[in-house]
Amino acid sequence: MSTALVAGLLAGYGVAVPVGAVGAYLVALTARTTLRTGVCAALGVAAADGIYAVLAAFGGGALAPLVGPVARPLRVGSALVLLALAARTARTALRAHRGRAGSSADASGAPPGPGRAFLTLLGITLMNPLTVLYFTALVLGGRPAPDTVARTVFTAGAFAASASWQLLLASGGALLGRLLTGARGRLCTALGSAALVAALAVQLLAASW
């Protein structure tokens, strides 16, 4: 049992720790909103990792051939969504800084609330086929043991590891938001994060061709 738990924790950290476009967006989102919104967004990422861990652990080798044919469209779709989020982040920051947004623009351009943040990050992460292929490779490699209890412990460990790391990123974003309380600081943070997310999304698109 402990072996399956350790394997799940290592798998969860293995897929979560590399900070890509989703991680950068999570930090920036929390810096611009509230810790509550960041926590919900972080749990959205972790939930997607947990779903893929469950599918890989209980689906086994039947899952990888199904994901393979749609891996490229999923990567392209994920990159396009990230580019849209980067553009929206930059536009909202510029409007807020210039003080030209009216009441209707504020309603449409405001940062997402906790619920929408959870669903947005859940959807983006679910569009990443590398996650399910990663977990499937671990399962096919013999971790965890092929019984229901061990696989359940494995997936729980993977979710806990991913959640702890994403919550750490969200906490860092909240701290960054408190440090950069001025209008200029928040503008620079938003524009910098938008540029980073856009660059990572373009890199993802380039790797898909």
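Preceding this paragraph is the structure being described.
Predicted model only: the values in this text are computed from it and were never measured.

Attention now goes to the overall build of the protein chain. Helix and strand counts for the protein chain come out as 10 helices and 0 strands. Starting at the N terminus, the α and β elements of the protein chain follow one another as α-α-α-α-α-α-α-α-α-α. When burial is assessed residue by residue, the protein chain has 42% of its 209 residues classed as buried. In the protein chain, of all internal contacts separated by at least 6 residues, the share reaching a separation of at least 24 is 87%. Total accessible area on the protein chain stands at roughly 9900 Å², and carbon and sulfur atoms take up 70% of it.

A few words on the packing of helix H1 (residues 2-16) against helix H9 (residues 148-179). Across the interface, H1 lies against H9 with an axial gap of 7 Å and an inter-helix angle of 40°. Where H1 crosses over H9, the two elements pack in a sense that is right-handed. Each of Ala4, Leu5, Ala7, Gly8, Leu9, Ala11, Gly12, Tyr13 and Ala16 in H1 lies in contact with H9, whose residues at this interface are Ala150, Val153, Phe154, Gly157, Ala158, Ala161, Ser162, Ser164, Trp165 and Gln166. By residue class, the composition of the contact of H1 with H9 is 13 nonpolar, 6 polar and no charged.

As a further point, take H1. Taking 1.5 Å per residue, 15 residues should reach 21 Å; H1 reaches 21 Å between its end C-alpha atoms and fits that length. Of the positions making up H1, those classed as buried are Ala4, Ala7, Gly8, Ala11, Gly12 and Ala16. All buried residues of H1 fall inside an arc of 150° around its axis, so they share one side. Facing away from the buried surface of H1 by more than 90 degrees, the exposed residues are Ser2, Thr3 and Leu10.

So, about the environment of Ala56. By secondary structure assignment, the location of Ala56 is in helix H3 (residues 35-59). In the structure, Ala56 is positioned 95 residues away from Arg151 in sequence and 9.6 Å away in space, judged by C-alpha atoms.

As for its position among the elements, Leu119 is in helix H7 (residues 114-126). Taking C-alpha positions, Leu119 is 8.8 Å from Cys40, a pair spaced 79 residues apart along the chain.

What counts as what
- Residue numbers restart at each chain and count upward from 1, following the sequence in its written direction.
- Local features are withheld for residues below a pLDDT of 70 in this predicted model, meaning they are given only at 70 or higher, and side-chain atom pairs are given and counted only at 80 or more; totals for whole chains, interfaces and linings count all residues.
- Note: side-chain values were computed over all heavy atoms of the structure, leaving out hydrogens and water.
- The way it works is that DSSP assigns letters per residue, a run of H or I at least four long becomes a helix, a run of E at least two long becomes a strand, and they are numbered from the N terminus.
- The classification of residues rests on relative accessible area computed with a 1.4 Å probe and restricted to protein chains. Under 20% of the type maximum is buried, over 50% is exposed, and intermediate values are partly exposed.
- Contact criterion: two residues are considered in contact whenever any of their non-hydrogen atoms come within 4.5 Å of each other.
- The Shrake-Rupley method, run with a 1.4 Å probe sphere, supplies the accessible areas, and residue values consider only the shown protein chains as cover.
- Note on geometry: axes are lines fitted to C-alpha atoms, helical ones only across the stretch in contact, with angles between N-to-C directions running from 0 to 180 degrees.
- Handedness of a crossing follows from how the near helix is turned relative to the far one, being left-handed for an anticlockwise turn of less than a right angle and right-handed for a clockwise one.
- Put simply, Ala, Val, Leu, Ile, Met, Phe, Trp, Tyr, Cys and Pro go in the nonpolar bin, Asp, Glu, Lys and Arg in the charged bin, and everything else, Gly too, in the polar bin.
- A helix's residues, less one, multiplied by 1.5 Å, set its expected span.
- Here the arc refers to the directions that run from the helix axis out to each C-beta atom.

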